Amino acid sequence: DSGVTQTPKHLITATGQRVTLRCSPRSGDLSVYWYQQSLDQGLQFLIQYYNGEERAKGNILERFSAQQFPDLHSELNLSSLELGDSALYFCASSLRPLANYGYTFGSGTRLTVV
Amino acid sequence: AQTVTQSQPEMSVQEAETVTLSCTYDTSENNYYLFWYKQPPSRQMILVIRQEAYKQQNATENRFSVNFQKAAKSFSLKISDSQLGDTAMYFCAFMIVSSGGGADGLTFGKGTHLIIQP
């Protein structure tokens, strides 16, 4: 157990729908990162939050949004889902905003859009 | 654009052998960190080893070591005395440090599937 908790582990939904993925960072970590892993694109950085504020943004679609709450958990919202959004979504956490010692990853949420 | 290339989609070696996974990257930045992550069938991403670009000394972690050639932009991973539990996807990645001290997240390669045969 890495200490980073992601729920749900699996999610199946239809095109056009909206889903919310949840992440609780490792105890003491202030920074949360979201990554998407798909067969086509590989692992891609989506967005980073540090202590409640957006810190860096990667290849995140406009249909996707995220936030980090005062208790430091984070949610990734995916809307108007398309078949191509099917992927493994990882959350990771680190203590500092610059994770030069590497992240701690969660076990991911497998999203299937049908 | 920053890119990471892992030229070996799959490798297979016998248990106890030594194996080297290759990685090259492209960036015009000077301040960055390099990582190898392992993803076993459980799909958990696990940090294997890290290297600061400003350090010439190659990082080592037990059976894992890197050969970092900054001028060639090469960052290979050597696994000595390979074990069955080393079977996994291995991803090379780097992180650029901006002038403000932040970073835009990790840029990953496509991965190498390493199979350790008994």
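Provided above is the structure to which this section pertains.
So, how was this worked out
- Residues numbered from 1 in each chain as written.
- Chains lettered and ligands numbered in written order.
- Predicted model: local features only at pLDDT ≥ 70, side-chain atom pairs only at ≥ 80, totals over all residues.
- Heavy atoms only, no water.
- Disulfide = S-S within 2.5 Å.
- Helix = DSSP H or I, 4+ residues; strand = E, 2+ residues; numbered from the N terminus.
- Buried < 20%, exposed > 50% of the residue type's maximum accessible area, 1.4 Å probe, protein only.
- Salt bridge = Lys/Arg side-chain N within 4 Å of Asp/Glu carboxyl O.
- Core = buried A, V, L, I, M, F, W, Y, C linked by side-chain atoms within 4.5 Å.
- Pairing = 2+ DSSP bridges.
- Axes fitted to C-alpha atoms, helices over the stretch in contact; angles between N-to-C directions.

Here we take up the state of the cysteines. Here the structure, examined in full by the defined rule, presents two disulfides over all chains. A sulfur-sulfur separation of 1.8 Å characterises the disulfide bridge that pairs A:Cys23 with A:Cys91. Taking the torsion about the S-S bond as the criterion, the A:Cys23 to A:Cys91 disulfide, at about -55°, is left-handed. Of this pair, A:Cys23 sits in strand β3 (residues 19-24) while A:Cys91 sits in strand β9 (residues 87-94), and the two are 68 residues apart along the sequence. Like A:Cys91, A:Cys23 is buried. Shown here is the disulfide that connects B:Cys23 with B:Cys92, its sulfur atoms set 2.0 Å apart. With the S-S bond torsion at -65°, the cross-link from B:Cys23 to B:Cys92 turns out left-handed.

Between side chains of opposite charge, a pair can form when the charged atoms approach closely. Residues and elements named next belong to chain A. For the coordinates displayed, the defined rule picks out nine salt bridges over all chains. Across the pair Arg 63 and Glu 82 runs a salt bridge whose closest N-O atoms are separated by 3.7 Å. Here Arg 63 is found in the loop between β6 (53-57) and β7 (64-68), whereas its partner Glu 82 is found in the loop between β8 (74-78) and β9, with 19 residues between them in sequence. On the basis of relative accessible area, Glu 82 is assigned to the partly exposed category, the value being 43%. We note a salt bridge from Asp 85 to Arg 63, for which the minimum N-O separation is 2.8 Å. Within this pair, whereas Asp 85 is found in the loop between β8 and β9, its partner Arg 63 is found in the loop between β6 and β7, the two being separated by 22 residues in sequence. Residues joined in a network through salt bridges with shared partners are Arg 63, Glu 82 and Asp 85.

Below, the discussion takes up the nonpolar core. Counting 27 residues, the largest nonpolar core has B:Leu21, B:Tyr25, B:Trp36, B:Phe75, B:Leu77, B:Tyr90 and B:Leu114 as the members making the most contacts within it. Of all the elements in the fold, those that place two or more residues in this core are β2 (10-14), β3 (19-21), β5 (32-39), β6 (46-52), β8 (64-69), β9 (74-79), β10 (88-96) and β12 (112-117) of chain B. For this core, the element with the most residues is β10(B), which contributes five residues. Of all hydrophobic cores here, the second largest spans 23 residues; its members include A:Leu43, A:Phe45, A:Ala56 and B:Ala93.

Residues and elements named next belong to chain A. If you trace the four strands from one edge of the open sheet to the other, you get β1-β3-β8-β7, paired in antiparallel fashion. At either margin of the open sheet sits one strand with a lone partner, and together these are β1 (5-7) and β7. Strand-to-strand twist in this sheet, taken as the mean axis angle between neighbours without regard to direction, amounts to 15°.

Note: most residues except glycine have negative phi, and most peptide bonds are trans. Of note, the bond from A:Thr7 into A:Pro8 is cis; its omega dihedral lies within 30 degrees of zero at -10°. Examined against the element boundaries, A:Pro8 turns out to sit in the loop between β1 and β2 (10-13). Notably, A:Ser80 is not glycine yet its phi reads approximately 45°, a positive angle. Positionally, A:Ser80 belongs in the loop between β8 and β9. Take A:Ser80: its relative accessible area is 42%, and that puts it in the partly exposed class. Even without glycine at this site, B:Arg43 takes up a positive phi of about 70°. Along the chain, B:Arg43 falls in the loop between β5 and β6.

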